[in-house]
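Descriptive structure summary
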Amino acid sequence: MFVIACTTCTRRQLIFPSQVLRVDGDQVVYRCWCGSEQAWVPGSASATAA
Ligand SMILES: [Zn+2]
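Residues numbered from 1 in each chain as written. Predicted model: local features only at pLDDT ≥ 70, side-chain atom pairs only at ≥ 80, totals over all residues. Heavy atoms only, no water.

Digging into the sheet that holds strand S3 (residues 20–24)
Going by this rule: A pair of strands counts as paired when DSSP detects no fewer than two bridges linking them. Strands here mean DSSP runs of E at least two residues long; helices mean DSSP runs of H or I at least four residues long; both are numbered from the N terminus.
Strand order in the open sheet made by the four strands is S3-S4-S5-S6, with antiparallel pairing throughout. Because the sheet does not close on itself, it has two edges, and the strands there are S3 and strand S6 (48–49). One ladder, built from two bridges, connects strand S5 (residues 37–40) with S6; its direction is antiparallel. Counted as the bridge partner of glutamine 38 is alanine 49 from S6.

Details of the nonpolar core
We count it as follows: Throughout, nonpolar core names a set of buried Ala, Val, Leu, Ile, Met, Phe, Trp, Tyr and Cys residues whose side chains join them through atoms within 4.5 Å. Exposed residues in this analysis have more than 50% of their type's maximum accessible area, buried residues have under 20%, and partly exposed residues fall in between, with area computed by a 1.4 Å probe over protein chains only. We call two residues contacting when some pair of their heavy atoms lies within 4.5 Å.
Core analysis: the largest hydrophobic core is formed by ten residues, namely Phe2, Ile4, Cys6, Cys9, Ile15, Val28, Tyr30, Cys32, Trp40 and Ala47. Where this core is concerned, the elements lending two or more residues are strand S1 (2–5) and strand S4 (27–31). Sequence-distant contacts of alanine 47, that is, excluding residues within four places in its chain, are made with Ile4, Ala5, Thr7, Tyr30, Gln38, Ala39 and Trp40.

Some thoughts on a nonpolar patch on the surface
Operational definition: A patch consists of residues exposed above 30% relative accessible area that lack any salt bridge, with like charges linked at up to 9 Å and nonpolar side chains (Val, Leu, Ile, Met, Phe, Trp, Tyr) linked at up to 5 Å. Using a 1.4 Å probe, accessible areas were evaluated by the Shrake-Rupley method; residue-level cover was limited to the displayed protein chains. By salt bridge we mean one thing: a side-chain nitrogen of Lys or Arg within 4 Å of a carboxyl oxygen of Asp or Glu.
A contiguous nonpolar patch, built from Met1, Val3, Leu14, Phe16 and Trp33 and spanning about 510 Å² of accessible area, is present on the exposed surface. Looking at the element boundaries, leucine 14 is found in strand S2 (residues 12–15).

Here's the deal with the environment of tryptophan 33
Heads up, the condition is: Polar contacts here mean pairs of N or O atoms no more than 3.5 Å apart (in protein, one a potential hydrogen donor and the other a potential acceptor; neighbouring residues in sequence count only if both atoms are side-chain atoms).
With respect to the helices, strands and loops of the structure, tryptophan 33 is situated in the loop between S4 and S5. Measuring from C-alpha to C-alpha, the distance between tryptophan 33 and glutamine 19 comes to 8.5 Å, with 14 residues separating the pair along the chain. For tryptophan 33, the residues in contact, after removing those within four places along its chain, are Gln13, Leu14, Ile15, Phe16 and Gln19. There is a polar contact of 2.7 Å between the side chain of tryptophan 33 and the backbone oxygen of leucine 14.

Right under this line is the structure:
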C-alpha cells in the first residue's frame, strides 16, 4: 500500500492493493476512497486524474 495525494478530494489517502485497478505502463491506476480514478507514477508525490 502507499500514501498518495488525490487530485479530486485533495487529501492524502492510504491506498491498499485491492484499490489498484490496473498498471498502465509506468503508471499505477487506482480508485481513491472518494471514488475518483487516479493515476500515480511510483516515486512521485502526487497523483493525476486518470
Ligand atoms: Zn480522492
